[in-house]
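Breakdown of the fold
Listed below are the residues making up each chain.
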Amino acid sequence: LGHGQGLIRLLQFSGNLASESKQKHQLSWWNELIKEYFTPKAIMRFTLWRDNQRNEAKPFEIGVPILPRFLLVTTQSGVKSMTLTLDGARERLYAYGHAIVECVAAVWTYKYNNGYTVALRGPLTVHVVVTAAPSTTTSPGAGNILLKFEDFQFDASYHDKYIALESIMGPRSIESPKGYLPPPSVTTVGTGTPTTANTSTSTTPRLPHPSASSGQSQWDEPRVLISQGFIPGEPVNAFGIPQATMRCLELAESVAQMSDLIVFSKEEGLGPLGKCLCFLLVC
């Protein structure tokens, strides 16, 4: 570790997220993926900011039991692929068998079925550790070890939204540049000599359009006009993720806060009301 192995492992994880497969709509597929890339006690720290402003943040700590459900709900919300872009990422050795991959300008891109692309941008820090590989895993040259993520932290400082041109619906028409008139049409007279339809001379240069401004370029690009166009509704909320995904994270956060109560109820074998009263008395 410390020489790019952790970064390669992170890119391999991104490759799995980017694959488009119907199996990604099954919870078992995500369970296997998380099991392969994350340690049993790993935590994903995910911070979102509202409307690209540093006024309201939503920090989440997602454990391994919730990670597959989080990714499944995101996929079921119309996400067909996800990718991690790690321009300028660096890896350093933290301890024996433990490396840290850091990228100050990481991009987590979500591509949606309705044509939208949402890119979450911000710093990414991932702790990669060496673990013992299962007996069924055999990789030439890798021995009996497997690299996994122990801590995955992404702070989505802001997000961008794009839409594919083909997703913009409506009748289209091409508008010619206003800088110059189109060339005069050419007709032929009885002798077969070509002449222009609007002049008796052989060649006439293209003249400026009356409405053209003096500072306008003569090589203006043509524009496409979309009459009564419309686009699909945005698939994300003000924090840049689907509302169903946000709801999943909020519910998981509430359950995590009740973990002590759940453990106490199992140990004492009490009902909902009894365990709440006893738990309050004990505390």
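The model shown is predicted, which means the values in this text are computed figures rather than measured ones.

Brief notes about the overall build of the protein
On a plain count of helices and strands, the protein comes out with six helices and twelve strands. The proportion of buried residues among the 283 residues of the protein is 34%. Total accessible area on the protein stands at roughly 17,300 Å², and carbon and sulfur atoms take up 56% of it.

Here's the deal with the pattern of salt bridges
This structure, assessed with the given rule, holds nine salt bridges. A salt bridge links arginine 50 to aspartate 51; its shortest N-O distance comes to 3.8 Å. For aspartate 51, a relative accessible area of 43% gives the class partly exposed. The residue arginine 50 makes a salt bridge to glutamate 56 at a minimum N-O spacing of 3.9 Å. A relative accessible area of 36% places glutamate 56 in the partly exposed class. When salt bridges with common partners are traced through the structure, they connect Arg45, Glu61 and Asp151 into a single cluster.

Some remarks on the packing of aromatic side chains
Enumeration according to the criterion identifies 15 aromatic pairs in this entry. On the numbers, 5.6 Å between centres and 80 degrees between planes, the contact of phenylalanine 13 with phenylalanine 38 is edge-to-face. Remark: phenylalanine 38 occurs in strand β1 (residues 38-49) and phenylalanine 13 occurs in helix α1 (residues 5-18); sequence separation between them is 25 residues. Measuring from centroid to centroid gives 5.6 Å for phenylalanine 46 and tryptophan 108, while their planes differ by 45 degrees, and the two rings are tilted. With phenylalanine 46 in strand β1 and tryptophan 108 in strand β5 (residues 98-112), this pair connects stretches of sequence that are 62 residues apart. Tryptophan 108 gets classed as buried once you look at its relative accessible area, which sits at 1%.

Considerations on helix α3 (residues 67-76)
With respect to burial, α3 is a largely interior element, eight of its ten residues being buried. With its phi angle positive at about 105 degrees, glycine 78 sits one or two positions after the end of α3.

Considerations on the confidence of the model for the protein
Looking at the protein as a whole, its pLDDT mean stands at 80, while 71% of the residues score no less than 70. At the low end of the mean pLDDT range in the protein sits strand β11 (residues 194-196), at 45; at the high end sits β5, at 96. Note on residues 137-142: pLDDT under 50 across the span, and zero contacts to partners over four residues away in sequence or across chains. Within the model, the stretch residues 186-207 combines pLDDT values under 50 with 24 contacts to residues more than four positions away or in other chains.

What about the side chain of serine 157?
Secondary-structure assignment places serine 157 in the loop between β7 (145-156) and β8 (158-163). There is a polar contact of 3.4 Å between the side chain of serine 157 and the side chain of arginine 54. Discounting residues that sit within four places of it in the chain, serine 157 has contacts with Trp49, Asn52, Arg54, Arg121, Gly122 and Pro123.

A word on a nonpolar patch on the surface
Taken together, Ile174, Val224 and Ile226 make up a surface patch of nonpolar side chains, about 290 Å² in accessible area. Tracing the backbone through its elements, the reader meets isoleucine 226 in strand β12 (residues 223-226). Judged by relative accessible area, isoleucine 226 falls into the partly exposed class, the value being 32%.

As for unusual backbone geometry
With phi around 55 degrees, aspartate 51 is a residue other than glycine that occupies positive phi space. Relative to the helices and strands, aspartate 51 is located in the loop between β1 and β2 (57-63). In this structure, asparagine 52 takes a positive phi of about 60 degrees despite not being glycine. Position of asparagine 52 among the secondary structure elements: in the loop between β1 and β2. Taking relative accessible area as the criterion, asparagine 52 reaches 36% and is therefore assigned partly exposed.

About the thresholds
- Each residue is numbered by its place in its chain's sequence as written, counting from 1.
- Per-residue local features are limited, in this predicted model, to residues with pLDDT of at least 70; the limit for side-chain atom pairs, both in listing and counting, is 80 or more; totals at the level of whole chains, interfaces and linings are taken over all residues.
- Side-chain figures throughout are based on the complete set of non-hydrogen atoms in the structure, without hydrogens or water.
- Note on conventions: DSSP H or I runs of at least 4 residues are helices, E runs of at least 2 residues are strands, and numbering of each starts at the N terminus.
- Only protein chains enter the area calculation, which uses a 1.4 Å probe; residues under 20% of their type maximum are buried, those over 50% are exposed, and those in between are partly exposed.
- Here the accessible surface of atoms and residues is derived via Shrake-Rupley with a 1.4 Å probe, and residues count as covered only by protein chains that are part of the display.
- The rule for a salt bridge is simple: a side-chain nitrogen of Lys or Arg has to be within 4 Å of a carboxyl oxygen of Asp or Glu.
- When the centres of two rings from Phe, Tyr and Trp lie within 6.5 Å, Trp using its six-membered ring, the rings pair. Their planes under 30 degrees apart give stacked, over 60 give edge-to-face, and anything left gives tilted.
- Confidence of the predictor at the level of single residues is captured by pLDDT, which takes values from 0 to 100.
- In this analysis, two residues are considered to be in contact whenever any of their non-hydrogen atoms come within 4.5 Å of each other.
- Any pair of nitrogen or oxygen atoms within 3.5 Å is treated as a polar contact; in protein, a donor-acceptor pairing is required on top of that, and neighbouring residues in sequence qualify only through side-chain atoms on both sides.
- Only residues whose relative accessible area exceeds 30% and that form no salt bridge are eligible for patches; like-charged ones are grouped when within 9 Å, while nonpolar side chains (Val, Leu, Ile, Met, Phe, Trp, Tyr) are grouped when within 5 Å.

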